[in-house]
Every structure is written in structure tokens, then in C-alpha cells.
Amino acid sequence: MLDNLDLDISLDKETYDAKIEILMQQLRSLQQTCWEKKLPAIIVLEGWAAAGKGALVKKMIGYMDPRGFAVHPIWPPSEAEMGYPFLWRFWQKLPARGRIGFFYHSWYTHVLEDRLFQRVSDAEVPTVIRQINAFERQMVDDGAAIAKFWIHLSKKELKHRLKKLEDDTLQAWRVRPEDWKQAKKYEEYTTLAEEMVTQTGTGPAPWTLVEGDCQRWARVKVLTQMAATITEALDRLPTQSAPVKLPPQERLQPTEPDLLAQVDLTQSLSPDEYKQELRAAQTRFGKLQQSIDEEQVPVLVLFEGWDSAGKGGAIKRLTDILDPRSYTVNPFAAPTDEEKAHHYLWRFWRRLPTAGKISICDRSWYGRVLVERVEGFATEPEWRRAYQEINEFEEQLTSFGCVLVKFWLHISPDEQLKRFTERQNNSFKQYKLTEEDWRNREKWNYYEVAVNQMIQRTSTPAAPWTLIAADNKYYARVKVIQTVTQAIRNQLKRR
């Protein structure tokens with residue numbers, strides 16, 4: 001593939017000057033349109049060392065409004081970044097809607113340089129490739145434009161440029177020892193690049209191979225394809241007409257399992273049993289804290305459930321025994337304007353636990369297929385594709401070694417009404433009850449369908465749901481702690 005590129009192709013200066021001026025004006029105009037249409041654009045520049053990526057970026061941004069783009073040079077991950085799944089640091093840098101992000105190297109270093117220098121084994125590559133493809137597809141499905149470029153050099157040209165830079169006292173710092181190692185292993189690195197391009201050149205995010213021996217030709221080709229990619233993405237934006245809305249599903253189909261109905265809500269503990277079992281469960285859980293830190297295991301516990309199902313009480317009993325420095329509780333409400341300007345998973349990637357820490361989520365990314373679905377904040381195509389996106393997200397967490405525990409706290413409608421009434425009549429608890437809670441209760445049937453379908457579609461072997469019978473708060477609290485403890489123990493045994 002790369003061997004078939006015509007690296008002798010070139011462009012004379014006069015033609016280049018004429019083309020580059022037109023392209024730069026087009027790029028400036030497209031940047032303005034991206035801002036107006038709120039289209040995010042992701043530009044990935046990969047290729048050999050000294051392929052001219054830096055000069056190309058400098059040329060492009062010279063014509064652009066600096067308020068509308070960011071350039072991200074990607075270096076080896078820091079020690080802190082290595083405490084998260086490898087894509088975590090790139091999610092932090094994704095451009096908001098209307099902005100352009102230039103990635104000078106990218107997530108592909110994980111299957112190129114890291115693989116060349118055996119920091120990533122061949123056995124790990126299929127998983128990394130799958131995660132990259134899912135990541136890019138999610139961005140495009142969310143409306144982003146992605147343009148990916150591999151700038152290829154001949155072996156002779158690569159060595160010539162590295163030598164030229166090294167001999168320049170002002171430029172020598174740019175040449176790393178790894179760059180010469182790439183050149184020394186030119187054939188092997190080319191093979192890795194070909195495998196990468198073949199396996200990640202997908203329909204949503206294809207690669208553009210660029211003949212780089214002539215820098216003028218390379219710049220024109222990159223800019224031409226970049227403009228075409230952004231233009232195509234703008235053309236795909238939905239029109240102003242509202243999508244056709246089907247009536248929400250109020251009842252499960254006969255072929256759909258009613259998983260909530262299978263929960264035995266009669267399970268309970270007496271006050272005396274609760275005190276004894278809670279103390280024992282908390283003690284066992286607390287003893288795992290040191291092992292979590294020593295083994296650098298990230299733990300993520302998320303709570304979903306009906307309003308007044310007891311999520312807050314369960315979280316309090318779960319954390320009572322813990323050192324407060326070891327955990328974080330993240331309550332998630334409606335997204336902010338900043339969060340709305342990104343993919344809906346963006347705000348959850350930002351709150352992931354690092355290795356050795358515990359993160360607890362009061363509500364989570366499942367809002368996409370629950371409240372956003374029922375209340376119409378997400379379109380049907382958006383919440384339907386979210387099942388796959390969520391499964392992919394959670395697979396990345398568990399494959400990294402994260403302990404992921406997912407709870408649905410289930411109560412009956414009668415128990416919910418009882419708790420609502422108690423809150424309403426208790427001046428110390430009235431703040432917990434809102435008009436939104438009453439509105440949600442009126443849509444119980446719709447939420448029941450959504451919850452059942454969510455559990456069925458996102459309960460995987462690596463990230464199963466645990467349905468907690470929560471009519472009895474005592475039983476629910478103890479069961480939660482026991483479940484988290486067992487999940488952590490299982491993970492520690494696998495290490």
C-alpha cells in the first residue's frame with residue numbers, strides 16, 4: 001500500500017503559491033461556517049518524523065481565527081495519564097461544537113511507536129484498534145468531522161531531513177533518539193503503519209495517504225482533503241425540519257423480558273439484623289481499601305434507580321467506612337452548556353477514577369437512555385445508538401482493569417408514593433421532593449419500559465447490572481456493600 005505511493009510526485013512553486021492561497025481562504029471560510037453551524041472538526045496528522053507536520057500546522061493556523069481552534073501536540077503519557085484508559089487523555093482534548101482540534105500525533109501512537117518499541121504487545125493491538133474505531137465512529141455519529149492523514153516519506157528522504165535538522169543548531173532539539181530508531185527500523189515501521197491504516201480506515205473516518213517527499217505537494221493534498229471532509233460533514237448536518245417522533249413505548253412487547261418484575265421486593269432486614277450485617281459488610285469492604293491502592297485498581301460504582309429509591313442512603317453507608325481521600329462521589333444532574341457542547345459521554349470521561357481510587361456516580365451516562373429518552377432531550381436515533389456506545393465505553397473501562405459495578409435500585413410504585421408523602425410532610429426532607437419527581441412518577445410506565453430495555457441491552461459479562469430490591473432500605477444498603485466488595489475481590493484474584 002505505502003510502497004505504491006508515488007513519492008516522486010512534486011509541485012512547482014508557482015502552482016503551489018496559487019493553490020495554497022485559494023485553499024487557505026477556503027479554510028478560513030469553513031472555520032467560520034463550522035462555528036456558525038456548531039460543527040466540531042478533528043484533524044489527525046500522523047506520519048514519519050520530519051514529515052512536515054509542524055510546518056503544515058503553522059501554515060494552516062496562520063490563516064485562521066485563533067479563538068476557534070486548538071493544537072494538541074501529543075507526547076508520551078504522563079504518570080497521571082497512565083492511571084486511566086489510554087483514550088482518556090484524548091477525550092479531555094476533544095473540540096467543542098464549532099471548534100477545530102489539530103492533533104499533532106494522536107491516539108495512533110499507541111499502535112505505532114508504542115508498538116514499535118514494544119510498549120504495546122501484538123496481543124493487545126486488536127483491542128486497541130477496536131476501541132479506536134469505536135471512538136472515531138462515536139465522534140462522527142455525534143456530528144463531528146474527522147480528517148486523518150498519514151504523511152509518508154521515502155527512507156532516503158527521511159534520513160536526509162533528520163540529518164538536516166540535526167545539523168541546524170536551532171532545530172536540533174526537535175530530533176529525538178526515537179526518530180532515528182524509526183529510520184533504522186524503516187521497513188518494520190512501514191508495516192505497522194500499513195496495518196494501522198488498513199484496520200482503522202473505516203467508512204466514518206477514512207485515512208488520506210499523503211506523498212510527503214515534496215512538501216508543497218503534501219500541504220496542498222492535506223488542505224484539499226481537509227476542506228472536502230469538513231464540507232461533507234457540513235452537508236450531512238440535519239435540516240431545520242423537526243424529526244418525525246413516534247409515540248413513546250408505554251408497554252413492553254410480549255417478546256421482551258420484564259426484568260424488573262423478577263425482583264423480589266419482599267426481601268428485607270429487621271433493624272437488629274441490619275445493624276449487625278451492615279457493620280460486618282462495611283468492615284469487609286474497608287479492609288479492601290489498602291489492596292485497591294497497592295494494586296492500583298480503579299473502582300467505579302454507579303447508582304441508578306427510581307426517585308426516592310434510596311441512592312443517597314446507600315452511597316452514605318458505602319462510603320462511611322472509607323478514608324475520604326480515597327474516593328469521590330459525583331452527582332450528575334442536567335448537563336451544563338459546556339458539557340452540551342461535547343459528546344454526551346465527554347463529561348463522564350472527565351470524572352473517571354484513576355488507578356487506586358474509587359469513584360461513585362449518583363446517576364450516570366444511563367441518563368441518555370432513561371430521562372433523555374423519555375423526556376425527549378435525545379432523539380430516537382441518538383438514544384438507540386447510545387446502547388452500543390455505552391457498551392463500548394464500559395468495555396474500555398473493564399479491559400483497563402477497572403472494577404465497574406452498576407446498580408438499579410428498584411422499588412414499587414406504592415413504596416415510592418409512601419416515601420414521597422413522608423418527604424412532603426417532613427420539613428427536614430421537603431427539599432428532596434420536587435415537582436419533577438411528581439412528573440416522573442406520572443410517566444412510570446414509560447420509564448419502566450426504558451429501564452427494562454436498558455438493562456437487557458447493556459448488561460454484559462464484564463459489566464453486568466445488579467438489581468437491588470430497595471423497598472426495604474436496610475436490605476438494599478447491605479446488599480450494595482456486599483456486591484461492591486465481591487466485585488473488588490474478584491478483580492484482585494485475577495491479578
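Residues take numbers from 1 onward in each chain, read along the sequence in its written order. Note on the predicted model: pLDDT of at least 70 is required for a residue's local features to be given, and 80 or more for side-chain atom pairs to be given and counted; whole-chain, interface and lining totals, by contrast, use all residues. The basis for the side-chain values is all heavy atoms of the structure; hydrogens and waters are excluded.

Novice: Which parts of the structure should I look at to understand the overall build of the protein chain?
Specialist: Counting from the N terminus, the helices are the DSSP runs of H or I reaching at least four residues and the strands are the DSSP runs of E reaching at least two. The helix and strand inventory of the protein chain stands at 20 helices and ten strands. With the principal axes as the frame, the protein chain shows a C-alpha extent of 85 × 55 × 45 Å. We call a residue buried when its accessible area falls under 20% of the maximum for its residue type, exposed when it is over 50%, and partly exposed in between, using a 1.4 Å probe and counting protein chains only. Looking at the 495 residues of the protein chain, the share that counts as buried comes to 51%. Here the analysis covers contacts within the protein chain between residues at least 6 apart in sequence; of these, 83% occur between residues at least 24 apart. Each accessible area is a Shrake-Rupley estimate made with a 1.4 Å probe; only the visible protein chains count as cover when residues are assessed. Of the accessible surface of the protein chain, which amounts to about 24,200 Å², a share of 51% is contributed by carbon and sulfur atoms. Charge counting follows a simple rule: Lys and Arg are positive, Asp and Glu are negative, and His as well as the terminal groups are ignored. Note on charges: their place is set at NZ of Lys, CZ of Arg, CG of Asp or CD of Glu. Charge separation in the protein chain, taken as the distance between the mean sites of 70 positive and 68 negative side-chain charges, equals 3 Å. Two residues qualify as a contact provided that any one of their heavy atoms is within 4.5 Å of a heavy atom in the partner residue.

Novice: Got a minute to help me understand the packing of helix α10 (residues 271-287) against helix α20 (residues 473-494) in this structure?
Specialist: Packed helices, taken two at a time, are described by their axes: the angle between them and the distance between them. Orientation is described by lines fitted to C-alpha atoms, with helices fitted over the stretch in contact, and by angles between N-to-C directions that extend from 0 to 180 degrees. Packing of α10 against α20 leaves a shortest axis separation of 9 Å and a crossing angle of 20°. Judged by the angle between their axes, α10 and α20 are roughly parallel. Pair α10 / α20 crosses with left-handed handedness. Residues Pro-271, Tyr-274, Glu-277, Leu-278, Ala-281, Gln-282, Arg-284 and Phe-285 of α10 form the contact with α20, whose own contacting residues are Tyr-474, Arg-477, Val-478, Ile-481, Gln-482, Val-484, Thr-485, Ile-488 and Arg-489. For classification purposes, an angle smaller than 35 degrees is called roughly parallel, one larger than 145 roughly antiparallel, one from 65 to 115 roughly perpendicular, and anything else oblique. Helix crossings fall into two classes, left-handed where the near helix is turned counterclockwise from the far one by less than a right angle and right-handed where it is turned clockwise.

Novice: Looking at this structure, I do not really get the packing of aromatic side chains. What am I missing?
Specialist: Only rings of Phe, Tyr and Trp enter the pairing, Trp through its six-membered ring, and a pair is recorded when the two centres are within 6.5 Å. The plane angle decides the type: under 30 degrees is stacked, over 60 is edge-to-face, the rest tilted. Per the stated rule, a full pass over the model turns up 25 aromatic pairs. Here Phe-90 and Trp-107 contribute two aromatic rings whose centre-to-centre distance is 5.5 Å and whose plane-to-plane angle is 80°, an arrangement assigned as edge-to-face. Of this pair, Phe-90 sits in helix α3 (residues 88-91) while Trp-107 sits in the loop between β3 (100-104) and α4 (113-116), and the two are 17 residues apart along the sequence. The ring of Trp-35 has Lys-38 lying over it, and the distance from NZ or CZ to the ring centre is 3.8 Å. Charge over a ring is defined by NZ of Lys or CZ of Arg lying within 6 Å of the ring centre and within 35 degrees of the ring normal.

Novice: What exactly am I supposed to notice about helix α1 (residues 13-37) here?
Specialist: Three- or four-residue spacings in an α-helix give side chains the same orientation, since the helix completes a turn every 3.6 residues. Multiplying one less than the number of residues by 1.5 Å gives the expected span of a helix. In a regular helix each residue adds 1.5 Å, so 25 residues correspond to 36 Å; α1 covers 35 Å between its end C-alpha atoms and thus fits that length. Restricting attention to buried positions, one finds in α1 the residues Tyr-16, Ile-20, Leu-23, Met-24, Leu-27, Leu-30, Gln-31 and Cys-34. Contacts from the buried residues of α1 go to α2 (53-61), β2 (69-73), β3 and α9 (215-236). Backbone nitrogen of Glu-14 and a side-chain oxygen of the N-cap are separated by 3.2 Å at the start of α1; the cap is Asp-12. By the criterion applied in these results, polar contacts are pairs of N or O atoms within 3.5 Å in which, for protein atoms, one can donate a hydrogen and the other can accept it, and in which residues neighboring in sequence qualify only through two side-chain atoms.

Novice: So what exactly am I meant to see when it comes to unusual backbone geometry here?
Specialist: Both trends apply: most residues other than glycine have a negative phi, and most peptide bonds are in trans. With phi around 70°, His-105 is a residue other than glycine that occupies positive phi space. Position of His-105 relative to the elements: it lies in the loop between β3 and α4. The class of His-105 is buried, set by a relative accessible area of 19%.

Novice: Is there a simple way to think about the sheet that holds strand β6 (residues 299-305) in this case?
Specialist: Sheets are built from strands that pair by backbone hydrogen bonding, the pairs being arranged parallel or antiparallel. Pairing between two strands is assigned when DSSP locates at least 2 bridges connecting them. If you trace the five strands from one edge of the open sheet to the other, you get β7-β8-β6-β9-β10, paired in parallel fashion. With one partner strand each, in any of the chains shown, β7 (327-331) and β10 (465-469) form the two edges of the open sheet. Adjacent strand axes in the sheet meet at a mean angle of 20°, parallel and antiparallel pairs treated alike. Relative to β10, strand β9 (residues 403-410) is paired through five bridges, and the arrangement is parallel.

Novice: Just checking my understanding: could you explain the nonpolar core for this structure?
Specialist: In terms of nonpolar packing, the biggest core is built from 151 residues, with Met-60, Trp-107, Trp-150 and Phe-303 touching the most fellow members. Looking at this core, the element that brings in the most residues is α9, giving nine residues. Residues contacting Met-60, with those up to four places away along its chain left out, are Met-24, Leu-27, Leu-45, Phe-102, Leu-223 and Met-226. Residue types Ala, Val, Leu, Ile, Met, Phe, Trp, Tyr and Cys, when buried and joined through side-chain atoms within 4.5 Å, form a set referred to as a nonpolar core.

Novice: Got a minute to help me understand helix α5 (residues 125-141) in this structure?
Specialist: End to end, α5 covers 24 Å across 17 residues, agreeing with the expected 24 Å (1.5 Å per residue, within 8%). Within α5, 13 of the 17 residues are buried, leaving the element largely enclosed by the surrounding structure.

Novice: Which parts of the structure should I look at to understand the pattern of salt bridges?
Specialist: When charged atoms on two side chains of opposite charge get close, those side chains can pair. Whenever a carboxyl oxygen of Asp or Glu lies within 4 Å of a side-chain nitrogen of Lys or Arg, that contact is scored as a salt bridge. A complete count under the given rule lists 31 salt bridges for this structure. Note that Arg-89 and Glu-81 form a salt bridge whose closest N and O atoms lie 3.8 Å from each other. Taking relative accessible area as the criterion, Arg-89 reaches 10% and is therefore assigned buried. In this structure, the salt-bridge partner of Asp-142 is Arg-97, at a minimum N-O distance of 3.0 Å. In this pair, Asp-142 is assigned in the loop between α5 and β4 (145-152) and Arg-97 in the loop between α3 and β3, connecting sequence segments 45 residues apart. Residue class for Arg-97 comes out partly exposed when judged on its relative accessible area of 23%. Counted as one network, the salt bridges with shared partners bring together Glu-113, Asp-114, Arg-119, Arg-176 and Asp-179.

Novice: Even after reading the chapter, I still don't get the side chain of Glu-339, so can you show me in this structure?
Specialist: Within the element layout of this structure, Glu-339 appears in helix α13 (residues 337-340). Residue contacts for Glu-339: discarding those within four places in its chain leaves Ala-334, Trp-346 and Arg-347.

Novice: How should I be thinking about the packing of helix α16 (residues 380-399) against helix α19 (residues 444-458) in this particular structure?
Specialist: Where α16 meets α19, the closest approach of the two axes is 10 Å, and the angle between their N-to-C directions is 45°. Classified by the interaxial angle, the pair formed by α16 and α19 is oblique. Regarding α16 and α19, the two cross each other, and that crossing is right-handed. Of α19, the residues touching α16 (which contributes Tyr-387, Ile-390, Asn-391 and Glu-394) are Gln-453, Met-454, Arg-457 and Thr-458.

Novice: Just to check I follow, could you spell out the environment of Ile-61 for this structure?
Specialist: Relative to the helices and strands, Ile-61 is located in helix α2. Separated by 94 residues in the primary sequence, Ile-61 and Lys-155 have C-alpha atoms spaced 29 Å apart. Beyond its immediate sequence surroundings of up to four residues, Ile-61 is in contact with Phe-69, Val-71 and Phe-102.

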